[in-house]
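Residue strings, one per chain:
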Amino acid sequence: MTKDWEMPNRPPDPRKVSRVPKKPRQPRPPRAQQRPSLPRTPADRPIANRPSARPAPPPTAATPPHKLPSVLPTHQPKRPRREKSRPMRLSVSSLKGSLGNLRVPKSWKFWAIASVLVCVGVGGTSLALLFKLPSLPNCPSIFWPTASASLRLYCAQVAANKQTTTDLLAAIALVDSLPDDHPLRAEVNRNIADWSMAILDLGDQTFNQGDLEEAIQTARRIPSDTPAYKLVKDKIQNWQTIWGEAESIYQEAEDALREQDFPQAFRIAVRLLDVGNTYWETTKYQELNNNITVARQDAGKLGRARTLIEQGGLANLLEAVGLIDKIGENSYAYSTAQKLIREIGQTMLNLAESALDRRAYQEAINITRQIPRQANLQAEVQDFNTLAQAQSQSWGGNVADLESAIVQAQRIRSNRPLYSKAQALVSRWQLEIQDVGHLQTARQLAQVGSVDDLAAAIAEARLIPPGNPRADEARADIGRWTTEIETIEDRPYLDQAENLALGGDVAALQAAIDQASRIREGRALHGEARRLIRDWTARIQRTQDQPVLERARQFANVGDLASAIATAEQIGSGRALSDEAQTDVDSWRNQLQGQQFLQEAYQRAGVGSPRTLLSAIQLAQRVPASSPNRAEADQMINVWSQEILRFAQSQASFDLQGAIATANTIPPRTDVYDQAQLQIEGWQQILQSGEGN
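Here we summarise the structure given alongside this text. (Residues numbered from 1 in each chain as written. Predicted model: local features only at pLDDT ≥ 70, side-chain atom pairs only at ≥ 80, totals over all residues. Heavy atoms only, no water.)

Considerations on the packing of helix α18 (residues 471-501) against helix α20 (residues 526-557)
Remark: α18 packs on α20, axes separated minimally by 11 Å, with the N-to-C direction vectors making an angle of 15°. Viewed along their axes, α18 and α20 adopt a mutual orientation that is roughly parallel. At the point where α18 passes α20, the crossing takes the left-handed sense. For the pair α18 and α20, the contacting residues are Arg491, Leu494, Ala497, Glu498 and Ala501 in the first and Glu528, Ala529, Leu532, Trp536 and Arg539 in the second. (Axes fitted to C-alpha atoms, helices over the stretch in contact; angles between N-to-C directions. Helix = DSSP H or I, 4+ residues; strand = E, 2+ residues; numbered from the N terminus. Parallel < 35°, antiparallel > 145°, perpendicular 65-115°, else oblique. Left-handed = near helix turned anticlockwise from the far one by under 90°. Contact = heavy atoms within 4.5 Å.)

Section: the nonpolar core
Counting residues in hydrophobic clusters, the biggest one holds 52 residues, and the most contacted among them are Val175, Trp195, Trp239, Leu257 and Leu272. The element best represented in this core is helix α8 (residues 229-258), accounting for eleven residues. If we ignore the near neighbours within four places in the chain, the residues touching Trp195 are Ala156, Gln157, Ala160, Leu168, Ala171, Ile172 and Val175. If you look at the next biggest cluster of nonpolar residues, it comprises 42 residues, including Ala320, Leu323, Phe384 and Leu425. (Core = buried A, V, L, I, M, F, W, Y, C linked by side-chain atoms within 4.5 Å. Buried < 20%, exposed > 50% of the residue type's maximum accessible area, 1.4 Å probe, protein only.)

Some points on helix α13 (residues 361-369)
An α-helical turn contains 3.6 residues, so a residue and the one three or four places further along point in the same direction. Every buried residue belonging to α13 is among Ala364, Ile365, Ile367 and Thr368, and all of these are buried. Projected down its long axis, α13 shows its buried positions confined to an angular sector of 160°, all on one face. Where α13 is buried, its residues meet α11 (314-325), α12 (334-357) and α14 (378-394). (Arc of directions from axis to C-beta.)

A word on helix α10 (residues 278-311)
The end-to-end C-alpha distance of α10 is 49 Å, a good match for the 50 Å that 34 residues give at a rise of 1.5 Å each. Of all bends in α10, the biggest is about 30°, found at Lys284. You can read the cap of α10 off the contacts: a side-chain oxygen lies 2.9 Å from the backbone nitrogen of Tyr279, and it is on Asn277. In the segment just after α10, Gly312 is the residue with positive phi, at about 75°. (Expected span 1.5 Å × (residues − 1). Bend = angle between axes of the 7 residues up to and from the residue. Polar contact = N/O pair within 3.5 Å; in protein donor to acceptor, adjacent residues only side chain to side chain.)

Next comes the structure, spelled out in C-alpha cells:
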C-alpha cells in the first residue's frame, strides 16, 4: 500500500517510547505514569506514551521496517531546521572600548518599560513552548517488530477511523498479536470488538445499498476470534432471506405485468416497502413503479395497434407499425409487440398479393417496400418481388412472355420460402404455353366467320382441359363463337316472323308468333324472339278484350254495377287488359258496396230510436271514401246525430243519466258533437249540484 503520511526527519525510538522511568534522573518534573489505554489524538496522550524527541537509528538493510497499510491520512508538519550559531570571539580591549562608549539610561520610565517588555517576551516564549505540539509518528514507516504496544494501538485507532473494511481489518491485525496478559489487552479487546462490529455494520450498509454478494464477502472477512463473528452466520442468512423475498415479490409483479394485470402488479409492488432493505424499498420499488407505468402505456399502444389492424388498409397497418416501434426491448410487452409486427408484415404481404392478382404490379411492389424489417420477412419479400416480376411478364399472353416468366421464377431455389409457389407458377405457365397454341389456332379458324369455320374453332378450343390456366379464356371464346353460329342459323326465322306481323290483324300476328317460336330456348336469339312474341300476343289480346271492357263500362255508366262487374271479369288474369279491367271492377265494387251500406242504414234509421239511429250511423261510416255515395253518407250521419241529440234533450227532463249516455253515442267529427259535449257538461253539473244538496 502507498504511504498516507508525510515522514518526519527521523522516526521516534520505540524503545524510548515504551520505557517509563520510575525516578527522574535529573531534578525536573517527573513524567506521568503509563495509562492502561491511549487516547485517539496524539495531543492528549500521556507523556509516557509520547515518543522521545531523540530520533531512533535508521533501519539497516538487513531488517527493513514493516509498513502499515495506507490507512492514515495524517500529515506531520516538518520541524524547522535550527541554524548553527557561530562562536563570537571578543577581545578584552574591544569589550572595554565598547562599554566605555555605552551610556546607561538613568530614567526610571525607561527601566519600567524595559521590564514590561522583558516580562511579556519571556511569557510569550513560555506559552509557545508550552503549547507546541509534539511531532506525530509516521505509522507506515514504523518497524513493527520493535514497535511498542501503545504505538501499535495508536496507529490501529488511526486506521480504524477511516471506517473501511480493509482499514478495520488492518487495525485488528495490528493489535491482535498482543499477548493476553498485556496491560493494554483490555483496551485492545474493546477496540477489536468495536472494529469487528463496525465491519459488520459496513456489510449491512453494503447490503442496503444493493450489493448482497459484496456484503456477504465483507461479513465473512471478520476474524473468527472477534465478538462480531458469532453474528455473521445469522446476519448473512437474514440478508439472503430478505433478498430472496424481495426478488420473489419483484418476479411476481413482473409476472402480473406480463399478464397486463396492472392493478395487481401495483399491489404486489407495494409489498417491497416492507422487506427491510433500503435498496429494494427505494431503488427497486421506484424501478418497478416505472415499469408498471411504461407497461400500461405500452398496453395502450398495443390496443390501438390491434384496432388499426382490424380496420385494415395499408395506412392503418403502417400507423400500427409506428405505434409498436415505440415499445422498447426492455418492455414486458416487447415479445407480444414483435408477434404483432410479424402479423402486420404478413397482412401487408397478403395485400401485395391481392394487388398482384388485380395486375397492379407497381402497387404490389410499393406495399412490399413498406413491410417493416422487424417482421423478419425479408426472404419472403425478396421472393415475392421476383415472382411479381415474373407474373407481370406473363401478362403479355404470348409464348415468349410465358417462357421469360418461367426463367424468372426458376431463379428461386429450393431453400427459399416461396419455392413451392414458384414451382406452381412454372407448371401453370408451361400448361399455358400449350393452351396459347390451341387458342391461336382456334382464333385463326374463327376469323373466316362461316358456320363450319366457327365450329372448327370451337373444336380446337375445346382441346384445352377445364383445369388449365387458359380454360376460362377458351370457354369465353367458345361461347362467343357459339352465339355467332346460332345467330347465323336463327336470324332468318326471326326476320320472317317480323315480316308476317306487319299485317297487323290477329291471323298475321298469330302466324308471326308461330314462326318466332321455332327458335328454341337457350339459343342466341331466343330472348329477342320471346320479346317479340310477348308484344304480338299483347296486341292480339287487346284486339280481343277491348270490346268486352267497353261493354262493361257502358253498364256502369247506366248504374248497373252488377252487370258491369260480371262483364269485366270475363277478361282473364295475365292478359293485356287484365290489370285495367281489375281496376274498374274494384271501383265498381266499392260503389256497389257503398250503396248497399247506405241503403241498409236508411232502413235502420227508419225505426227512429237512439239505438237504431246509432246503428245506421255505424253502417254509413263503412261506405268507402272512394264511393260516390260517401258524401251522402256523411250528410246522413250528421242528420241522424242531430236526431240522437234531440232525443237526449227530451230524455233529460226525466232521466239525466240516460240523457248523458245517449248523447255520448254521437260520433266525433259530426256537426252536433261539440254541442252534445256542452250539453253533457251542463247535465253533469246539475247532477253534482243535486248530490250536494
